[in-house]
Amino acid sequence: MKLPTWAESYLHKIHLKQEKPSYEFLEKICRNHLSTIPFENISKLIYYREYNQNNFYIPPLDIVTLHLYTMQFGGTCYVLNSTLQQLLLELGFSAKLLPVGQTHIAILVDHPEEPGIPLYVDCASAAPFFTPVDFTRNPDNCSEYADIAVRLVADTKNPGRYLYNRYVKNQLTEQDWTFDPTVTKNLIYFNNTVAKSFDLDRKFMSLLFIQLFQLDQHRKVTIYNNEFSIVDESGNEQLKLLSNTEEIEKVLQEEFKLPRLPVREAVEVLAELGINIFEKKIKKQQNNLV
């Protein structure tokens, strides 16, 4: 079946061609997505600035796909995972949106070869979910790369629920994320949550964050405000403080290969909100960047 134009464009962006639904194809999608499309809040800040003009927090599918090319946007979970879920449906997968905690959206996919087995898919939590997670049958699952690892484990205090346990540099972070795989929702359910994520006291409205897994270079690259870090797949980190917007633009061009990502505009939005990302070195809190 022929895909809609937006879906064809999205699939092309992550360097894949249409295949029949399979676990192997789903794995390719996860891996290519995380190594091609950044997890970032530049787009969120710009959508906030333009809300009165566009009247959307989550753009229509064709606009999301257009921005993948014209501005090299990625997004946070509300845009990335909701769009990816729609792409998976177009490709013939059975995929539903999964509420995780109070602030996150993931995707639950029915195993293509083993119907009834849920697979956790998440390309928008700054975490290395390069493969779908068979969390109900593999309690020892671990999605791990560089200095980040996530385990989806049964919640012993709440039968039927699962914990999203995130580790940074082998330390369990403080994060109250749980989910029930029997409870999935459509995007309309998240409208209030999405709207509240644009409140000025929310984390992604008060900082600058861009992250990309560069598997071909065996590393993860991150910009957190004015800090640029490179972490190799063994967890060794190089950290550099960036002094101005020009330096961030140079890093995005040379290291991220994202020269069209409009970081200058995002920095201006933050400045209008009273936030100077160059004011001082801010200690990173990876546990809150999801």
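Everything numeric here is computed off the predicted structure, so don't read it as measured data. (Residues numbered from 1 in each chain as written. Predicted model: local features only at pLDDT ≥ 70, side-chain atom pairs only at ≥ 80, totals over all residues. Heavy atoms only, no water.)

Novice: Help me out: how do you make sense of helix α2 (residues 23–34) in this one?
Specialist: Helical periodicity: at 3.6 residues per turn, an α-helix aligns residues three or four positions apart in one direction. Its 12 residues give α2 an end-to-end C-alpha distance of 17 Å, which sits within 8% of 16 Å, the value for a rise of 1.5 Å per residue. Listed as buried for α2 are F25, L26, I29, C30, N32, H33 and L34. On the buried face of α2, the contacting elements are α1 (5–13), α6 (77–90), β3 (104–110), β4 (118–121) and β10 (209–214). (Helix = DSSP H or I, 4+ residues; strand = E, 2+ residues; numbered from the N terminus. Expected span 1.5 Å × (residues − 1). Buried < 20%, exposed > 50% of the residue type's maximum accessible area, 1.4 Å probe, protein only. Contact = heavy atoms within 4.5 Å.)

Novice: Looking at this model, I keep getting lost on the pattern of salt bridges. Mind explaining?
Specialist: Opposite charge on two side chains lets them pair, provided their charged atoms get close. Within the structure shown, the criterion is met by 12 salt bridges. The partner of R137 in a salt bridge is E114, with the nearest N and O atoms 2.7 Å apart. On the criterion of sequence distance, the pair formed by R137 in the loop between β4 and β5 (143–145) and E114 in the loop between β3 and β4 is long-range, its members being 23 residues apart. Residue R137 is classed as partly exposed on the basis of its relative accessible area of 42%. On the basis of relative accessibility, which here comes to 34%, the residue E114 falls in the partly exposed class. Residues K220 and D147 are paired through a salt bridge, measuring 3.4 Å at the closest nitrogen-oxygen approach. Taken as a pair, K220 in strand β11 (residues 219–224) and D147 in the loop between β5 and β6 (148–154) lie far apart in primary sequence, 73 residues in all. (Salt bridge = Lys/Arg side-chain N within 4 Å of Asp/Glu carboxyl O.)

Novice: How should the packing of helix α3 (residues 42–49) against helix α9 (residues 263–272) be read in this particular structure?
Specialist: Two quantities define a packed helix pair, namely the angle between the axes and the distance from one axis to the other. Two elements in contact, α3 and α9, have axes whose closest approach is 9 Å; the angle formed by their N-to-C orientations is 60°. Taken together, the axis directions place α3 and α9 in an arrangement best described as oblique. The two elements α3 and α9 cross, and the hand of that crossing is left-handed. Of the residues in α9, those touching α3 at I42, L45, I46, Y48 and R49 are V263, E265, A266, V269 and L270. Looking at the contact of α3 with α9 residue by residue, the class counts come to eight nonpolar, no polar and two charged. (Axes fitted to C-alpha atoms, helices over the stretch in contact; angles between N-to-C directions. Parallel < 35°, antiparallel > 145°, perpendicular 65-115°, else oblique. Left-handed = near helix turned anticlockwise from the far one by under 90°. Nonpolar A, V, L, I, M, F, W, Y, C, P; charged D, E, K, R; others polar.)

Novice: Can you help me understand the environment of G101 in this one?
Specialist: Looking at the secondary structure, you find G101 in the loop between β2 (95–100) and β3. Using a relative accessible area of 22% as the deciding quantity, one classes G101 as partly exposed. With 77 residues separating them in the primary sequence, G101 and T178 have C-alpha atoms 5.1 Å apart.

Novice: I'm lost on the sheet that holds β4 in this one. Help?
Specialist: The pairing of strands in a sheet comes from backbone hydrogen bonds and takes either a parallel or an antiparallel form. Sheet architecture is open: three strands sit in the order β2-β3-β4, paired in antiparallel fashion. Two strands lie at the open edges of the sheet, namely β2 and β4, each paired on one side alone. For this sheet, the mean angle separating the axes of adjacent strands, direction not counted, is 35°. As paired elements, β3 and β4 share four bridges and run antiparallel to each other. Residue pairing across strands places V109 opposite L119, the latter belonging to β4. (Pairing = 2+ DSSP bridges.)

Novice: Would you mind showing me how to read the confidence of the model for the protein here?
Specialist: Low-confidence regions, as indicated by low pLDDT, have predicted coordinates that should not be scrutinised in detail. Within the protein, residue pLDDT values average 95, and 96% of them lie at 70 or more. Counting interchain partners and residues more than four positions distant, the pLDDT-below-50 stretch residues 285–290 has 26 contacts. (pLDDT = per-residue confidence, 0-100.)

Novice: Even after reading the chapter, I still don't get the sheet that holds strand β1 (residues 39–40), so can you show me in this structure?
Specialist: Strands sit in the order β1-β10-β11-β12-β13 across an open sheet of five strands; the sheet is antiparallel. Both edges of this open sheet fall to β1 and β13 (237–241), since each of them pairs with a single strand only. Contacts from helix α8 (residues 245–254) reach β10, β11, β12 (227–232) and β13 within the one sheet, and its direction differs from that of β11 by about 160°.

Novice: Looking at this model, I keep getting lost on the pairing of β11. Mind explaining?
Specialist: Regular strands place side chains that alternate from one sheet face to the opposite one. With respect to burial, β11 is a largely interior element, six of its six residues being buried. Residues R219, V221 and I223 of β11 are buried on one face, and the alternating residues K220, T222 and Y224, pointing to the opposite face, are buried as well. Pairing of β10 with β11, which is carried by six bridges, proceeds in the antiparallel orientation. Bridged to F213 within β11 is K220. Connecting β10 to the antiparallel partner β11 that follows it, the hairpin turn spans four residues, and H218 within it adopts a positive phi of roughly 60°. The pairing of β11 with β12 spans six bridges and is antiparallel. Across the sheet, residue T222 finds its bridge partner in β12, namely S229. The turn joining β11 and β12, which pair antiparallel and follow one another in sequence, is formed by two residues; a positive phi near 55° is taken by N225.

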